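An overview of the molecular structure
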Amino acid sequence: MRRVSAAALLLAAAAGCSTVPAEPASGPSADSTAASDKISWGACTDIKRPDGEPPARQDTSIRCGKLTVPLDYAKPGGEKLELALIKLPATGKGKPLGSMVFNFGGPGASGVDTLDQAAKALTALRARYDLVSFDPRGVERSSGVRCGSGTEMDTFVALDTLPPDDETDRQVAAANKRFAALCQQNSGKILPHVGTVNAARDMDRIRDAVGDPKLNYVGMSYGTQLGAVYATLFPKNVGRMVLDAPLDPTVTFEQRTLAQTRGFQQAYESFLRKCVKEGCALGKDEATAHTNVENLLNQLTAQPIKVGNRQLTQGLASTGVAAALYSELTWPFLEEALGAALKGDGEALLYLADSYTGRSPDGSYSTQMTSFPAITCVDTAERPDEATLRRTEAAALKISPLFGSEGSGGLCRVWPAKGSDEARHVNATGSAPIVVVGGKGDPATPYEWAPKLTAQLKTATLVTYEGEGHGAYLSGSKCIQGLVDAYLIDGKVPGKGATCPAA
């Protein structure tokens, strides 16, 4: 994953900006919260699992709905956009506390699908809250950004990123231009309006529509950026807010790429150490295991592995490896997938790649890989030149020959919609207490960003998780879950310097 192909996008996270003016820091304007439409809740008919299939058994108490919001908040009486929402009604086993809104990250992840999948892990919160999530503007059911057919997406995500030479640079640059042009062709109307500031304004509409005076919120990964922007625009409307696996909105493309390259390399090395310690199918020691993986990826550039009527390319294999590093729970499956690929069976690695890129067995794609760059690129005014991209790539390759890349700057450089740095400046001045949770072994949002975001948010408290994986609240850590639930349910803010051991 050395270039900005779909695989390399795995290593980037949004800086979070928008193309419309911010609300005054003192709180929301009347336009942002007044006259929100009501949500008409009904049965959910199109929930999907990660493989694109419907759930085997659907909880009939779960409701889905739509909320109309302005496409352009600078023209509130103009064209509208419908947001798709989901609600898990409170089980009623305690005093009702209103609604708890979730954003599970991305940018580009479907909150509708993910909340349904996460329901069992959120039982304690659901006893007191209605759990609510949504597909943010530009995602899936909410005018999701589309960038070509399934066949065109197959070509883009399968792009090889080895060897790191001038010819690969040319191929990737050409692919980026084609991809950006398809996004403009298919979704040009919405591209300027998918920024994080607009999404934060949408959340205030959701808060108003569900009848809550304050927004209670859990944001994960990119969701921390969205929460920080909301708390800056609407500090007086913040209720109980938790930001897990935080981003630092001030970092540049180059800084973000290098930090995440280190994060994934460290997670990969931890995976190999654990694999070898427990008897590894990849090699008898870490060096041998790494060499075997590296040789596999290099060989795939010349000879992809046939999987049915498809092929496991080097680009897809790299995506599969990185996807499995997000959680320590998937490391055993990664070992099996790599071991099988070394023997000529690429099905499991291809499955991991598909689970990340949002490809269904029928060849269709979710908007995960298309919404991601759409939001990322409009969320910053930064458009790095060729020299910056090559410098970034060279520095990243020194950190990790496996995960080094130029980051998402190459694609944003040719993106058809302008960006703004508005939401890179967050402070949450005057808001209720905010709890930030950072993980020491997080590959996608490195721990160094957690204290930085905490310092920027004037009302935030940092909780440190010593374990592996992207995100701590759903990691299985009873310590983290206890601290977070005590705050969200009882209002107990964790003490300064609070730390939890690895699960």
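Attention here is on the structure that accompanies the text. (Residues numbered from 1 in each chain as written. Predicted model: local features only at pLDDT ≥ 70, side-chain atom pairs only at ≥ 80, totals over all residues. Heavy atoms only, no water.)

Re the overall build of the protein chain
- Assigned secondary structure in the protein chain consists of 17 helices and 12 strands.
- For a compact globule of 503 residues, the expected C-alpha radius of gyration is about 23 Å, and the protein chain comes in at 21 Å, within 12% of that figure.
- If one aligns the C-alpha atoms of the protein chain with their principal axes, the spans along those axes are about 60 × 45 × 45 Å.
- Looking at the protein chain as a whole, 60% of its 503 residues are labelled buried. (Helix = DSSP H or I, 4+ residues; strand = E, 2+ residues; numbered from the N terminus. Rg over C-alpha atoms; globule rule 2.2 N^0.38 Å. Buried < 20%, exposed > 50% of the residue type's maximum accessible area, 1.4 Å probe, protein only.)

Quick notes on the nonpolar core
- If you look at the biggest cluster of nonpolar residues, it comprises 112 residues, and the most contacted ones within it are Leu325, Leu349 and Trp415.
- Ranked by residues supplied to this core, first place goes to helix H8 (residues 253-277) with eight residues.
- Leave out the neighbours within four places in its chain, and Trp415 touches Phe179, Ala180, Cys183, Leu191, Pro373, Ala374, Cys377 and Arg383.
- Judged by nonpolar contacts, the second largest core, of 34 residues, contains Cys64, Phe104, Val463 and Tyr465. (Core = buried A, V, L, I, M, F, W, Y, C linked by side-chain atoms within 4.5 Å. Contact = heavy atoms within 4.5 Å.)

Let's talk about the state of the cysteines
- This structure, assessed with the given rule, holds five disulfides.
- The residue that forms a disulfide with Cys44 is Cys64, at a sulfur-sulfur distance of 2.0 Å. Its S-S torsion of approximately 100° makes the covalent link between Cys44 and Cys64 right-handed. With Cys44 in the loop between strand E1 (42-43) and strand E2 (63-70) and Cys64 in strand E2, this pair connects stretches of sequence that are 20 residues apart.
- Cys44 gets classed as buried once you look at its relative accessible area, which sits at 15%.
- Here the cysteine-cysteine linkages of the protein chain are recorded as 1-2, 3-4, 5-6, 7-8, 9-10, numbering only bonded cysteines and doing so in sequence order. (Disulfide = S-S within 2.5 Å.)

Brief notes about the packing of aromatic side chains
- Enumeration over the complete set of coordinates arrives at nine aromatic pairs.
- Consider the rings of Phe102 and Phe104, whose centres lie 5.5 Å apart with planes at 5°: the pair is stacked. By the burial criterion, Phe102 is buried, and Phe104 matches it.
- Aromatic pair Phe271 and Trp331: ring centres 6.1 Å apart, planes at 75°, arrangement edge-to-face. A residue pair is termed long-range when its members are at least 10 positions apart, and Phe271 in helix H8 and Trp331 in helix H11 (residues 331-342) qualify at 60 residues.
- In this structure Phe271 comes out as buried when scored by relative accessible area, which is 2%.
- With a relative accessible area of 4%, Trp331 lands in the buried category.
- Through a chain of ring-to-ring contacts, three or more aromatic side chains come together here, namely Phe264, Tyr268, Tyr326, Tyr356 and Phe403.
- When the ring centre of Tyr447 is taken as reference, the NZ or CZ atom of Lys440 above it lies at 5.2 Å. (Phe/Tyr/Trp six-rings, centres within 6.5 Å; stacked < 30°, edge-to-face > 60°. Lys NZ or Arg CZ within 6 Å of the ring centre and 35° of its normal.)

A short note on unusual backbone geometry
- A cis geometry characterises the amide bond from Gly106 onward to Pro107, with omega recorded as 0°.
- Note on placement: Pro107 falls in the loop between strand E4 (99-103) and helix H2 (111-118).
- For the bond from Leu162 to Pro163, the omega torsion is -5°, close enough to zero to count as cis.
- Unusually for a residue other than glycine, Glu140 sits at a positive phi of about 45°.
- Here Glu140 lies in the loop between strand E5 (130-135) and helix H4 (150-157).

Details of the sheet that holds strand E11 (residues 460-468)
- Pairing in this open sheet of 10 strands is mixed, and the strands run E1-E2-E3-E5-E4-E6-E7-E10-E11-E12 from one edge to the other. The sheet is open, and its two borders are formed by E1 and strand E12 (499-500), each paired with just one other strand.
- Bridge count for strand E3 (residues 80-88) against E5 is five bridges, and the pairing is antiparallel. Paired with Leu88 across the bridge in E5 is Leu131.
- Contacts from helix H6 (residues 196-209) reach E2, E3, E4, E5 and strand E6 (215-220), with the element oriented near 125° to E2.
- Of the strands in this sheet, E4, E6, strand E7 (238-244), strand E10 (434-441), E11 and E12 are in contact with helix H17 (residues 478-490), which crosses E7 at around 165°. (Pairing = 2+ DSSP bridges. Axes fitted to C-alpha atoms, helices over the stretch in contact; angles between N-to-C directions.)

Quick notes on the pattern of salt bridges
- Applying the stated rule across the entire model yields 20 salt bridges.
- Here Lys189 makes a salt bridge to Glu79, at a shortest N to O gap of 2.6 Å. Of this pair, Lys189 sits in the loop between helix H5 (166-187) and H6 while Glu79 sits in the loop between E2 and E3, placing them 110 residues apart in sequence.
- Here Lys189 falls in the exposed class, since its relative accessible area comes to 56%. (Salt bridge = Lys/Arg side-chain N within 4 Å of Asp/Glu carboxyl O.)

As for H4
- Residues of H4 that are buried: Met153, Phe156 and Val157. End-on view of H4: buried residues confined to an arc of 85°, all on one side of the axis. Structural note: H4 exposes Thr151 and Thr155 on the side pointing more than 90 degrees away from its buried face. (Arc of directions from axis to C-beta.)

Notes on the pairing of E5
- Most of E5 is tucked away, with five of its six residues classed as buried.
- Two elements, E4 and E5, share four bridges in a ladder whose sense is parallel. Along E5, the bridge assignment pairs Ser99 with Asp130.

Observations regarding helix H12 (residues 347-357)
- A large share of H12 lies buried, amounting to eight of its 11 residues.
- Among the residues of H12, Ala348, Leu349, Leu350, Leu352, Ala353, Asp354, Tyr356 and Thr357 are the ones counted as buried.
- Within two residues after H12, Gly358 carries a phi angle of roughly 80°, on the positive side.

Remarks on the packing of helix H10 (residues 314-324) against H11
- The interhelical angle for the contact between H10 and H11, taken along N-to-C directions, is 155°, at an axis separation of 9 Å. Accordingly, the angle class assigned to the pair H10 and H11 is roughly antiparallel. The residues of H11 that touch H10, namely those facing Gly320, Val321 and Ala324, are Trp331, Leu334 and Leu338.
- Of the residues assigned to the contact of H10 with H11, the class counts are five nonpolar, one polar and no charged. (Parallel < 35°, antiparallel > 145°, perpendicular 65-115°, else oblique. Nonpolar A, V, L, I, M, F, W, Y, C, P; charged D, E, K, R; others polar.)

Focus: the environment of Leu334
- Topologically, Leu334 is positioned in helix H11.
- Relative accessible area serves as the criterion here: at 0%, Leu334 is assigned to the buried category.
- Discounting chain neighbours no more than four positions away, the residues touching Leu334 are Phe271, Gly320, Val321, Ala324, Leu325, Leu349 and Leu352.

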